[in-house]
Structure formats: C-alpha cells, structure tokens
There are 2 protein chains.
Amino acid sequence: MKLNQCKIVDCTIRDGGLVNNWDFSVEFVQDLYNKLNEAGVDYMEIGYKNSPKLLKGAESAGPWRFLDDEFLREVIPHKGHTKLSALVDIGRVDENDILPRNESMLDLIRVACYIKDVDKALQLVETFHDRGYETTINIMALSNVMENELIEAFELIKESKVDVVYIVDSYGSLDYKDFIYLVEKFKTHLPNKRLGVHTHNNMQMAFSNTLIAADNGVELLDASVYGMGRAAGNCPTELLVTHLKNTKYTLRPVLEMIDKHMIKLREKEEWGYIIPYMITGTLDEHPRSAMALRATDEKDNSVDFYDKLTTPEVSFDKSGKNA
Amino acid sequence: MKLNQCKIVDCTIRDGGLVNNWDFSVEFVQDLYNKLNEAGVDYMEIGYKNSPKLLKGAESAGPWRFLDDEFLREVIPHKGHTKLSALVDIGRVDENDILPRNESMLDLIRVACYIKDVDKALQLVETFHDRGYETTINIMALSNVMENELIEAFELIKESKVDVVYIVDSYGSLDYKDFIYLVEKFKTHLPNKRLGVHTHNNMQMAFSNTLIAADNGVELLDASVYGMGRAAGNCPTELLVTHLKNTKYTLRPVLEMIDKHMIKLREKEEWGYIIPYMITGTLDEHPRSAMALRATDEKDNSVDFYDKLTTPEVSFDKSGKNA
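Residues numbered from 1 in each chain as written. Chains lettered and ligands numbered in written order. Predicted model: local features only at pLDDT ≥ 70, side-chain atom pairs only at ≥ 80, totals over all residues. Heavy atoms only, no water.

Moving on, we get to the domain arrangement of chain A. Residue and element names in this part refer to chain A. Partitioning chain A into structural domains gives domain 1 (7–268) and domain 2 (280–310). Just the C-alpha atoms count here: the centres of domain 1 and domain 2 sit 26 Å apart. Across the domain 1/domain 2 interface, buried area totals approximately 730 Å², and carbon plus sulfur atoms make up 58% of it. Of all residues in domain 1, the largest losses of buried area upon contact with domain 2 belong to Tyr171, Met203 and Arg230, amounting jointly to 53% of the total for that side. At the boundary of domain 1 with domain 2, the tally comes to zero salt bridges. (Domains from an automatic or database assignment. Buried area = accessible area lost by both parts, 1.4 Å probe. Salt bridge = Lys/Arg side-chain N within 4 Å of Asp/Glu carboxyl O.)

Put into structure tokens, the structure is as follows:
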C-alpha cells in the first residue's frame, strides 16, 4: 500500500496565539508537543520568530510570539519525531536572531507574505535556507490576487531555494473548486516545488478544502487542534489525523489534548464558526472588522454588520477598514 | 445566464426539533417561515406528520412533532413562495391523518426509511402521491448499506411514483469522494428520478458535501438555519443561500432569523461540531451513544468514550448500543 505523502503542520500555538495573545503555559505547549508527537504529526509550529524590537505592543505577548532558542530548549528537552517550525513576517524579523540550524531547536522556518512582497520573502528564505533550515513561503490572501501578479511571483519562486510554496486562504472564502483551480495552477507553474495549504473555517470548509488539496497532490497541510486559530480558526488537526487514509496518524493523543486543555480554553477564548466571520468569509475580506465587532456589545448584531459591509457609502471606523 | 436548478429544503423545525423536543413557539415558526420566504428558500419542513397514537412519549413534545392541518392554517395564514413539507416515518404515520393536498397546507411529504423498508416507504409514497402531494423517499444511513441491497432498492424505486430520492448521510461520516460516488450511482440507476441530499456536520463536511452534490446534479438540498439539527446538526441554510451561484437567494433575512432567535437558542440547546459527535462520525455510527454521553457529567471525556467505542469487548449500557 502506498503511504500518503501528506505531512501535517500543527499551528495551534502560532495561529491560536493570535486568539489569546500567545498566553499558553509551558505545560500546555509541552503537552501539545508530546501528544502531537504521539499522534504522528510531522511538524509543530511553536510560534513566531519575529523580533520584539520590530513590533508594537510586544511586551504583553506570551513567549511564543518571539521564540527564543534557549527557552525552547528548556520547553522541549527531548525532541521526538515531530519537527519544530516557526513563522516569520516580512519586515518583522531580524535575520540576526536566526541561529544556524545545527545550533537551533527549529527545523522549518516559514515566511508569510502578501503577493507584492514575494521578492522580499524569497530573500529571507535564501538566508534561512543557507543556514540549513527547511523553508516555505506562505502567500496570503490569494483570493484577492490577480492572475498576472501570481504568474510574475511564480517566476521568482521557481528560481528560488524555497522548498514548499503555500496556498493560504486567509479569508476563508475559497471553496473546493477554487482550491482545485489554485492547486492546478501552482503545480503547472512550479513543477519543481512541493506545495502546502493553510485554510480558515469561516464557511465551514477548512477541513474539506484541505482534504481536496491533499488528494490533488498538496503535501504540507496546516491544521490546529480543535481548530484554534484567528477568527473562524483553521482546519482541525483531529479531523486530519482521523480521516486521512494510508497514514501513520492516530486520533487518541489529540483527543487527550482536547479533553485536558482545549475544551476549557474554548470556554475562555473565542474562535470558530461565528456569524460575523462567516460574513467576512462570504464577502471575501479580512476578518478584522468582525473581530472588532466581536469585542463590542453588538457582537451578535450580524444584520447591521452585514449592512455596513455591503453598503458602499458607509464609513466604518471601528474596523479600520475604511477611514 | 442559466439559473441554478437547486432547491433548498429548510429543516430547522423538523430536524432541530430532535434537539429541543419541538419546543418552538408559534412566533419562532412564523418568523422562520417569513424569513425563509423572503430569502427565497423553496421549502420549509415544518415538522413531522407522524401519529401520536403510534409513538411513545408523545405528550411532552411540541406541536411540530405531530402536525395538525387546522393548527398549521393558523400558524401560516398567508403562504408565500416557500412551500411546506412534512416528514413521516415508516410505522409511525397513520395514512388517515393525511388529507388530500387541496385541503392541506402541506405541499411535500417525505418518507424516511432504512434500506430494508424501501418497499414499505414506496407504498406510503404512492398513497401520498395519489392524494396530490409532491413526494420524496429519504434513504437513511447509506454509509452502512451494501451495494447489492442498494441495487435491489433502485429497482423498486425506479418503477415507483416518487418524485425525488434522497441520499442521507445520517452519521455525518461521508466525505466528498463518497458523495460523488453515491450521486453517480443514484444517477446511473435512477435516470428518471430527481435527487436530494441530507447531510450531518459531525466531520465539518455538511456544507461542502452539499455543495459538491449540487454541482453534480442533485436538486433538493436539505439545510437548517445556523445548522440546527440532531447531534452535530446539518448543513447551515445561511451558507447555502450566500454561496450557491446563479440563484435568487438572499442572505440578509436568514441573518435576521439568526440574530433574533438562533443565537439565544444555541445558548440553551446544544448542537454542532462537538468532539463525541465527531467520534461517532469518524467511526461511521449513529450518534446515539454520543448524545447519551452529552447528557452526563462525563460529557467532555472524549478519550474514554473513544476507547469504549473502539474496544470490541466493552459493553456500553448507557448508550443502548450494546446490551
């Protein structure tokens, strides 16, 4: 039997940190690492490797927002099968913070960028590649990208050292036909690159889109336990480990993590299929306006919210979307 | 532009009634009817048309469990575009309760059955058809049906008077490939019948599976507002009305229903993506054991639940699954 080529990248700490300002205890992160390792998950993205010097409001965030190699060594004293990953953003990472891989706990460094910054992202990728890391470039908000820009980006990517190129559905607005289209497009233009997907659950399609991408040859699949991630959250890790065929994954350790930590955490913090996030998803836009709404007393007034987003002349201060 | 052939059958009251014992106020049902009508939804399944004489525990249920034609006339004094539907179960319906269509508020009667009762279901269908109703046969638990049984059932159905044949994913265990396979199978063997789908959300695939079924020629799409339905619930009506292309549906009236009624209701009653329902889904079995678990203090102990369901020698009293 041919083994499934897929690899799961669990983003609970990194993307989930966008929900709780990375306020995860060391015990939480250790339990997660051990359970993912037991479940056979391939990568755990344990946070961001941005620099606090380059970001406002950095002081209040938990340590997973600005990973420190020495601290990581204490948190994960015994690394198992599961590799460690960190995400960096263009303009927020200080290259000098990145040790050579043989001195670091990290195996994979992923660079997130919008289409206009693919060139800058690839420069970072080259640096990290030369320091020995596996690398990915994660192109965000693809639903808002025009074909000509994408083709131009492919030209750069094709010649670069990056290992994996990610299709990111930042707004959770894409359906299975969109994913089949994008995967085909990426495969055609980047025959020498492996592919990844990162989905959001605004329209309850994060898991099904990930599954379809996997069946169409995408190799790295982002997920998070109980779907924890910004706004509508991500593809749930538990669904991938139980449903992907011909893999070595097991569900039980992920259930242990959910029982011990995630149910309680979900009572305190909010993510998932929530109507204002569904609305930004169906309108194909960033969830920031819905996140702002959810922080107010009007959080369940989805009709007014919908009216504001669909009436062109309305200015919309709270969201920062229109001045 | 070719209009989409799909028709939405909103099951909020009927399937949602399985959650709250049909405890919906008349105002709730009237608001739902008006909003579905405004949104362009084609059918509203307003309850069951079973007989209280043929069911235990009937006294405690709300009026939507045993629809009465005179009562319905008071509830919906002005029928709009949206037609009314009722579901009946084999052995629980008294044919004498069913008026001729021209004396009834109902337009569509659907007969739910397991594969072994297709013959009995078709007899009921014939009766209702002859009284003037549109009819469907809804074959439940298809994931547990062997091909030879299905082919045998097709032979009966092909020759019957039924208008629409439903593919029902009772356990929420089917993925898109299963749906593509089943739709193709039904189309091949029943070229003279229209098709319908009813999905459950145990694996977060209710909406995406419905979408794929629609794209493959299925015409009647079951859904419920905010996904309200037994256990993991159904395909959310709001996602269908906003996402189906080339239709006359509008999202805003469904949002009004959610804001006014569904958010509060969801705080009181439970349905949706909940881990024990995910477990019965992935194990391809009826959610009754998970529903029993959710009524206990152990409701979030999914590891023990999973162990019980996956250890063959364990008897499992609470659920009624094994004696």
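All names here are of chain B. Strand order in the closed barrel formed by eight strands is β1-β2-β3-β4-β5-β6-β7-β8, with parallel pairing between adjacent strands. Pairwise comparison of adjacent strand axes, ignoring direction, gives a mean angle of 25° for this sheet. Pairing of strand β7 (residues 194–198) with strand β8 (residues 220–223) involves two bridges; the strand directions are parallel. Its bridge partner lying in β8, Val197 is registered against Leu221. (Pairing = 2+ DSSP bridges. Helix = DSSP H or I, 4+ residues; strand = E, 2+ residues; numbered from the N terminus. Axes fitted to C-alpha atoms, helices over the stretch in contact; angles between N-to-C directions.)

Attention now moves to the interface of chain A and chain B. With 37 residues of chain A in contact, the opposing surface of chain B contributes 36 residues. Counting each side, the surface lost to burial between chain A and chain B is near 3,400 Å², with a carbon and sulfur contribution of 60%. Broken down residue by residue, the surface that chain A buries against chain B is led by Tyr176, Gln204 and Val303 of chain A, which jointly contribute 16%. At the boundary of chain A and chain B, one finds four salt bridges. (Contact = heavy atoms within 4.5 Å.)

Before going further, it helps to spend a moment on the UniProt feature "domain: Pyruvate carboxyltransferase" (unreviewed entry) in chain A. Summarizing the sequence annotation, UniProt attributes the feature "domain: Pyruvate carboxyltransferase" (unreviewed entry) to residues 6–259 of chain A in the numbering used throughout. Helix makes up 37% of residues 6–259 of chain A and strand 17%, and the two end C-alpha atoms of the span are 26 Å apart. (UniProt positions renumbered as here; feature names shortened; annotations may be inferred.)

A word on the pairing of strand β6 (residues 164–168) of chain A. Residues and elements named next belong to chain A. Judged by how many residues are buried, β6 sits mostly within the fold: five of five residues are covered. Across the two faces of β6 the burial is the same, with Val164, Tyr166 and Val168 and Val165 and Ile167 all buried. Pairing between strand β5 (residues 134–139) and β6: four bridges, direction parallel. Bridging from a neighbouring strand, Asn138 pairs with Tyr166 of β6. The pairing of β6 with strand β7 (residues 194–198) spans five bridges and is parallel. Looking at β7, one finds that Val164 is bridged to Arg194. (Buried < 20%, exposed > 50% of the residue type's maximum accessible area, 1.4 Å probe, protein only.)

The next point concerns the packing of aromatic side chains. Residue and element names in this part refer to chain B. With the rule as written, the count across this model stands at ten aromatic pairs over all chains. Here Tyr226 and Trp271 contribute two aromatic rings whose centre-to-centre distance is 6.4 Å and whose plane-to-plane angle is 85°, an arrangement assigned as edge-to-face. Here Tyr226, found in the loop between β8 and α8 (237–243), pairs with Trp271, found in the loop between α9 (252–268) and α10 (275–282); they are 45 residues apart in sequence, far enough to count as distant. Taking NZ or CZ as reference, Arg110 lies 4.7 Å from the ring centre of Tyr166, over its face. (Phe/Tyr/Trp six-rings, centres within 6.5 Å; stacked < 30°, edge-to-face > 60°. Lys NZ or Arg CZ within 6 Å of the ring centre and 35° of its normal.)

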